[in-house]
Amino acid sequence: MGAKLFTPFTVKGVTLKNRIVMSPMCMYSCPNEDGMVENWHRTHYTSRAVGQAGLIILEATAVTAQGRISPNDLGIWNDDHIEGLKELAGLMKEHGSAIGIQLAHAGRKAVLEGEILAPSAIAFNEKSKTPKEMTKREIDETIEAFRKGAERSRKAGLDVIELHGAHGYLINEFLSPLSNTRTDEYGGSAENRYRFLRETIEAVKTVWNGPLFVRVSAHDYHEDGLTPEDYVQFAKWMKEQGVDLIDVSSGAVVPARINVYPGYQVKYSETIRDGAEIATGAVGLITSGVQAEEILQNERADLILIGREFLRDPYWPRAAAKELGVEIEPPKQYERGWK
Ligand code: FNR
């Protein structure tokens with residue numbers, strides 16, 4: 001049996017050398033609060049490239065300064081951000097990894113001074129700030145910020161764009177009826193709640209013809225919230241719009257108790273993959289090569305995203321290869337001492 005985990009995956013002319021993706025993870029490592037790439041990012045991401053990740057998706061990167069999750073987030077709201085991202089892209093590619101970026105706006109989950117924006121003026125919980133309901137003009141400006149972020153990603157030579165539509169951030173807030181009670185064309189029916197994402201995807205496509213992924217929270221874990229079946233419809237619309245892959249996470253649009261166990265979100269990936277006939281990524285407590293291989297061989301996902309296990313072990317792909325009995329090339333610097 002050849003391990004599927006180590007077969008390539010090609011999308012819109014970009015070939016990932018294997019199915020292992022480093023999941024986007026905020027590093028809160030811009031101490032100057034300017035969103036610029038720092039040494040930490042160079043070291044942290046490059047280690048996983050040496051470790052042979054097929055694709056590295058940079059952490060949630062803010063398309064507006066005001067849309068940051070924290071003041072220390074990576075940013076792409078300014079042309080000055082292009083240079084650092086370009087350098088990172090070069091470092092990843094030197095080691096044969098593709099590089100993606102997660103374009104994000106925190107919406108009501110921004111923890112900054114001043115005004116925060118969301119589809120409706122509903123706070124996340126009793127401790128968080130009440131956001132301002134976005135005007136049509138603020139919606140248009142935010143979509144334009146995503147478009148500019150995509151354009152800057154292209155200029156930086158990044159391979160993949162992922163829109164952050166999960167975890168209760170702005171796009172997710174529009175999709176879920178729990179956080180979106182608007183009465184205009186952006187709220188109400190599923191089609192209306194999808195409109196913000198639809199227009200964001202269309203705007204991104206005017207400047208980006210490379211691989212486009214969208215991360216979703218496929219379950220709100222709330223009786224009045226969205227379920228994976230609702231996301232099948234959204235995924236069908238995304239597919240029609242040319243989105244290549246749905247990265248299937250869950251939760252965090254409202255506070256909820258989540259039953260977490262190995263592979264707990266894989267079934268949502270499977271539902272969306274089968275229901276919308278679109279490629280998916282599975283994420284969430286996937287920690288071993290055997291577990292990843294099972295998901296791929298049973299066609300429950302097309303890519304495997306590794307989060308915390310990649311924080312514990314930057315060389316996780318090597319451990320998985322060993323576990324699955326697959327030989328992978330060492331970096332040429334290690335070759336002499338490898339055998
Ligand atoms: C995350 N996660 C996350 N998700 C996302 O879409 N964008 C992000 O920027 C972050 N940031 C982040 C930071 C840190 C420190 C952690 C641990 C997690 C979620 C992450 O990508 C992943 O979906 C979850 O951690 C579940 O996968 P694992 O960790 O069980 O493999």
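Once a new chain begins, its residue numbering starts again from 1 and follows that chain's sequence as written. For this predicted model, a pLDDT threshold of at least 70 governs which residues receive local features, and a threshold of 80 or more governs which side-chain atom pairs are given and counted, while totals over whole chains, interfaces and linings are taken from all residues.

Visitor: Could you give an account of the pairing of strand β13 (residues 303-306), naming the residues involved and the relevant values?
Guide: Exposure classes come from backbone-placed C-beta atoms, where a residue is buried if 20 or more other C-beta atoms lie within 10 Å of its own, exposed if 12 or fewer do, and partly exposed in between. We count a stretch as a helix when DSSP gives it H or I for four or more residues in a row; a strand needs E for two or more, and each element gets its number in order from the N terminus. Residue alternation in β13 divides its side chains into two sets, Leu303 and Leu305 and Ile304 and Ile306, and both sets are buried. Paired strands, as defined in this entry, are two strands with at least two bridges between them according to DSSP. Here 3 bridges tie strand β3 (residues 20-22) to β13, and the two strands are oriented parallel to one another. Following the sheet pairing, Ile20 is matched in β13 by Ile304. Pairing of strand β12 (residues 279-283) with β13 involves 3 bridges; the strand directions are parallel. Note that in β13 the partner of Gly281 across the bridge is Leu303. Consider the strands pointing away from the viewer: the crossover is right-handed when the path from the first strand over the helix to the second runs clockwise. Remark: the β12/helix α8 (residues 289-297)/β13 crossover connection has right-handed handedness.

Visitor: I'd love a proper account of the site of the ligand, names of residues and values included.
Guide: Using a C-beta atom placed from the backbone, a residue is scored as near a molecule or strand whenever that atom is within 6 Å of it. Near the ligand lie 20 residues; those nearest to it are Ser23, Met25, Ala60, Gly307 and Arg308. Those elements that provide at least two residues to the shell around the ligand are β4 (55-62) and α9 (308-312). For the shell around the ligand, the residue count by class is 9 nonpolar, 7 polar and 4 charged. Note on residue classes: Ala, Val, Leu, Ile, Met, Phe, Trp, Tyr, Cys and Pro are nonpolar, Asp, Glu, Lys and Arg are charged, and everything else, Gly too, is polar.

Visitor: Could you give me a rundown of the nonpolar core, with the residues and numbers involved?
Guide: Across soluble globular proteins, you tend to see nonpolar side chains buried next to one another. We call a set of buried Ala, Val, Leu, Ile, Met, Phe, Trp, Tyr and Cys residues a nonpolar core when their C-beta atoms link them within 7 Å. If you look at the biggest cluster of nonpolar residues, it comprises 98 residues, and the most contacted ones within it are Ile56, Ile272 and Ile304. Ranked by residues supplied to this core, first place goes to β4 with 6 residues. The contact rule is simple: place each C-beta atom from the backbone, and if two of them lie within 7 Å, those residues are in contact. Contact partners of Ile304, with chain neighbours within four places excluded, come to Leu5, Arg19, Ile20, Val21, Ala282, Ile286, Ala292, Ile295 and Leu296.

Visitor: Give me α8: which residues, what numbers.
Guide: Considered for burial, the residues of α8 that qualify are Gly289, Ala292, Glu293 and Ile295. Buried positions in α8, seen along its axis, are confined to an arc of 160° and lie on one side of it. The elements touched by buried residues of α8 are α7 (266-276), β12, β13 and α10 (316-324). In this context, the arc is that of the directions from the helix axis out to the C-beta atoms.

Visitor: Hey, could you go over helix α6 (residues 228-240) for me, with residue numbers and the actual values?
Guide: Two residues of an α-helix separated by three or four positions point the same way, owing to the 3.6 residues in each turn. One fewer than the residue count of a helix, multiplied by 1.5 Å, yields its expected span. For α6, spanning 13 residues, the distance from its first C-alpha to its last is 18 Å, which sits close to the expected 18 Å at 1.5 Å a residue. Close packing links the buried residues of α6 with α4 (170-175), α5 (190-205), β10 (212-217), β11 (245-249) and α7. The positive-phi residue at the C-terminal boundary of α6 is Gly242, with phi of around 100°.

Visitor: Now, about the confidence of the model for the chain: what can you tell me, with residues and values included?
Guide: The share of residues in the chain with pLDDT of 70 or more is 99%, and the mean pLDDT across the chain is 97. The ipTM assigned to the predicted complex is 0.99, against a pTM of 0.98. Along the chain, pLDDT gives the predictor's confidence residue by residue, from 0 to 100.

Visitor: Which residues make up the packing of α6 against α7, and what values go with them?
Guide: The contact between α6 and α7 brings their axes to 9 Å, and the two run at 50°. Between α6 and α7, the crossing angle belongs to the class labelled oblique. Relative to α7, α6 is oriented so that their crossing is right-handed. Counted together, Pro228, Tyr231, Val232, Ala235, Lys236 and Lys239 of α6 and Tyr268, Thr271, Ile272, Gly275 and Ala276 of α7 form the full contact between these two elements. Looking at the contact of α6 with α7 residue by residue, the class counts come to 7 nonpolar, 2 polar and 2 charged. For helices, the fitted axis covers only the stretch in contact; all axes are lines through C-alpha atoms, and the angles between them, taken along N-to-C directions, range from 0 to 180 degrees. The scheme is simple: roughly parallel for angles under 35 degrees, roughly antiparallel for over 145, roughly perpendicular for 65 to 115, oblique for anything else. Here a crossing is taken to be left-handed if its near helix is turned anticlockwise relative to the far helix by less than a right angle, and right-handed if that turn runs clockwise.

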